[in-house]
Every structure is written in structure tokens, then in C-alpha cells.
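Fold and geometry: a report
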Amino acid sequence: DFIKSLATPSLRKHVCQLRNIFVCLVAYHIFFMLFVWSYWKTIFTLPMNPSKEFHLSYSDKESLEREPRGESQQEVLRRAAKDLPIYTRTMSGAIRYCDRCHLVKPDRCHHCSVCDKVNNCVGFSNYKFFLLFLAYSLLYCLFIAATDLQYFIKFWTNGLPDTQAKFHIMFLFFAAAMFSVSLSSLFGYHCWLVSKNKSTLEVFRAPIFRHRTDKNGFSLGFSKNLRQVFGDEKKYWLLPVFSSLGDGCSFPTCLVNQDPEQASTPGGLNATSKSENHLFPAKPLRDSQSHLLTDAPSWPETAAKADKGKVGMSNPALTMENET
């Protein structure tokens, strides 16, 4: 009789409901855990600072303070930037120098105000965490809105008991739906930025290189752009653990050739011939962290041919401009 009772429609219905509740609880806590984890990593990951190679020496600082603006300061900056992997310039064509930190700015490096959404500066060190935070917060809100939808419909069809809890259901659905709309637009925008290998500032002001301004100067193609942010090992892509490629100070680009006057690369190869094949800065600080910098097939040969014969990008006669 007990076994027969298990087969009754009412009991099967209750078992099915319990199973659905269990699945929803498991999914909810998974989304919530990933959401909190990625948010924690976003707000508590310290921004990366330029390495000591970009800081001016004590004598160079004194020279900049002592000499008037002009050729003398220009010489100081050329000497300081001679062996650095930098190719972008200011709008006036000057070496990007920060008088607040007394250093030559690495490519794509800026002072930034604290992000209002996460109370932290979003940059190379935590950009992956920020993307995952947007993704998991969007999934979290969508999950809440989807599971609350049936009760939201019952609210308008008078299918719920007349208690104060019915207003909580309405508020929860509206809040989750509105956050889903705003988060989907923000997450979609940053997905587009990743696919184009752009920062938010580079959308409004394209990076300026030695020969021209190019809004896609750092784009290596969708696959490599994605790998620069999320890394090579796909098992870490969905987890808030650091797996981005590179060092945050040097970035490969297919637009620029190395200056023949610059020193040879650390590997001892001829600088000019190496740049024609790979087209990346002469001395990336930690290029061993990113094989994107040494992946020859990733660089179009047309860019090398177009720039062949031109004066290189390092050490041009530039005036200094302070940026903050």
C-alpha cells in the first residue's frame, strides 16, 4: 500500500515541486557565490603600477626641474624612453610624461578617478574580474526575475493570498528586471570593447602613434583580444582568478615598426628584422608572460611592408607635455 501511495498524482506533484525548489536553490547559490566572489576581487584587487623602468632617475628629475621646457627637457625624456616599450604619444606628439609620478607613461596607462560602481580603479589587474562581475550580476538578476515571474503574474490576476508578501514579490520583480536591463547594456558594451581590444578612454580618444592615430591600433583579432583578457587556459575563464596575458606595461600592436637605432632585443636578434616579423616593442618588460607578443602568425605582414623604410617610432624629437 505504501508503494502504491507513492504513485498517486498528488504525491508525484509534491515530489516534483520539491525537486524544482532544490534545483532553484542550488542555482541561486551558485550565481550568488560567483557574483560575490567576482565583486570582491574587483573592488579589492589593487591597480598595477608601472614598474621601476618607467620612473625617471634622480638626475633626470633634477634636469627636468632645472631646465626650461624645450629641447633640454626633450633630450631628458628621449634618453629615459630609449629602451622602453612605448609607442603612443600625446595629442601634440609629445612623450607621455606624468609630472605627478615622475615617470614616462606606459602605453594605455592613465591616472583615473575611482569607479563609482565598484569603488576602485578598473584596469589591467582587475578588468577580467569586472567583466565577470557584470556577467554574474546579470545572470543573478535574470534568474531572480525568471523565478519570480509566475508569482508576479498571479499578483495581477489575484492569484496570491491577500498579504503584505504580495507587494514584496512585485518589488522584487521590478528591481531584478530593471537591473537586468541596465546590466545587459553595460555588459554588452564591455564585451564589444574586449572584442576590439579597446579601453573606455580609447573609444573617446583613439591612441596616437608615431605616424598616425588609429582607433584599432591594439586590436589583434577577436581570438587574441579575448585571450589577452581571459588568458589561454579556458578552465579559468569563468572563475575570478587572474589569468590575463601580459604585464600591463607593454602591449603588442601590428601598426608600428621598431626604430633601427634602438638596441637589439634581449634575445640578441637584429632589431629591425625582428620587428618586421613580429612588430612588437623592442623590450617588452615581461614578454614571457604572454606568448601573444612572440606569436609570429598573429601579425599581418602588410603592416610591416607599409612601414618598411620609415623612421622608427622610438626616440623622435618630441616636446614634453605633462599629463595627469
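Because the structure is a prediction, the values reported are computed rather than measured.

Description of the overall build of the chain
Scanning the chain from N- to C-terminus turns up 10 helices and three strands. Counted from the first residue to the last, the chain has its helices and strands arranged as α-α-α-α-β-β-α-α-α-α-α-α-β. Of all intrachain contacts in the chain linking residues separated by at least 6 positions in sequence, the fraction that spans at least 24 positions is 68%. As displayed, the chain has an accessible area near 18,400 Å², and 62% of this comes from carbon and sulfur atoms.

Some details on unusual backbone geometry
Located in the positive-phi region is Arg 108, a residue other than glycine, with phi close to 65°. When you line up the elements, Arg 108 lands in the loop between strand E2 (103-104) and helix H5 (127-156). With a phi angle near 55°, Asn 197 is a residue other than glycine that sits in the positive phi range. Tracing the backbone shows Asn 197 in the loop between helix H6 (165-196) and helix H7 (200-204).

Examining the UniProt feature "transmembrane region" (unreviewed entry) in the chain
Per the UniProt record, "transmembrane region" (unreviewed entry) is found at residues 21-40, 127-146 and 167-189. Secondary structure content for residues 127-146 is 100% helix and 0% strand, while the C-alpha to C-alpha distance between its ends is 29 Å. The span residues 167-189 carries 100% helix and 0% strand; its end-to-end C-alpha distance comes to 34 Å.

Focus on the nonpolar core
Grouped together as the largest cluster of nonpolar side chains are 18 residues, with contacts concentrated most on Tyr 127, Phe 130, Leu 131, Val 229 and Phe 230. Going through the elements one at a time, helix H2 (9-44), H5, H6 and helix H8 (222-230) are the ones with two or more residues in this core. With nine residues, H5 is the largest single contributor of residues to this core. Setting aside residues no more than four positions away along its own chain, Tyr 127 makes contact with Val 122, His 190, Leu 193, Val 194 and Val 229. Counting residues in each nonpolar core, the second largest holds 12 residues, with Leu 64, Leu 84, Ile 86 and Val 104 among its members.

Some details on the side chain of Ser 180
Looking at where Ser 180 falls in the secondary structure, it is placed in helix H6. Look past the residues within four positions of Ser 180 in its chain and what remains in contact with it is Leu 138, Cys 141 and Leu 142.

Section: H6
Taking 1.5 Å per residue as the helical rise, H6 with its 32 residues ought to reach 46 Å, and the 46 Å between its terminal C-alpha atoms agrees with that figure. Buried residues belonging to H6 abut H5, H7 and H8. Positive backbone phi, approximately 55°, marks Asn 197, located one or two places after H6.

Some points on the pairing of strand E1 (residues 95-98)
Side chains Ile 95 and Tyr 97 of E1 all project onto a buried face; the interleaved residues Arg 96 and Cys 98 project onto the opposite face, where all are buried too. Two strands pair when backbone bridges link them, and E1 and E2 are joined in this way by two bridges, in the antiparallel orientation. By the bridge assignment, Cys 98 is partnered in E2 with Leu 103. Between the antiparallel neighbours E1 and E2 lie four residues, among them His 102 with a positive phi of about 55°.

Brief notes about H5
Helix length check: H5, at 30 residues, gives a terminal C-alpha distance of 42 Å against a target of 44 Å (1.5 Å per residue), a fit within 8%. Leu 149 marks where H5 bends most, by close to 45°.

Quick word on the pattern of salt bridges
Under the counting rule described, the total for this entry stands at five salt bridges. With a closest N to O distance of 2.8 Å, Arg 108 and Glu 202 form a salt bridge. Here the residue Arg 108 occupies a position in the loop between E2 and H5, and Glu 202 occupies one in helix H7, the gap between them amounting to 94 residues. Considered together, Arg 108 and Glu 202 belong to a single accessibility category, that of buried residues.

The rules behind each value
- Residues numbered from 1 in each chain as written.
- Predicted model: local features only at pLDDT ≥ 70, side-chain atom pairs only at ≥ 80, totals over all residues.
- Heavy atoms only, no water.
- Helix = DSSP H or I, 4+ residues; strand = E, 2+ residues; numbered from the N terminus.
- Contact = heavy atoms within 4.5 Å.
- Areas by Shrake-Rupley, 256 points an atom, 1.4 Å probe, with all protein chains shown as cover.
- UniProt positions renumbered as here; feature names shortened; annotations may be inferred.
- Core = buried A, V, L, I, M, F, W, Y, C linked by side-chain atoms within 4.5 Å.
- Buried < 20%, exposed > 50% of the residue type's maximum accessible area, 1.4 Å probe, protein only.
- Expected span 1.5 Å × (residues − 1).
- Pairing = 2+ DSSP bridges.
- Bend = angle between axes of the 7 residues up to and from the residue.
- Salt bridge = Lys/Arg side-chain N within 4 Å of Asp/Glu carboxyl O.

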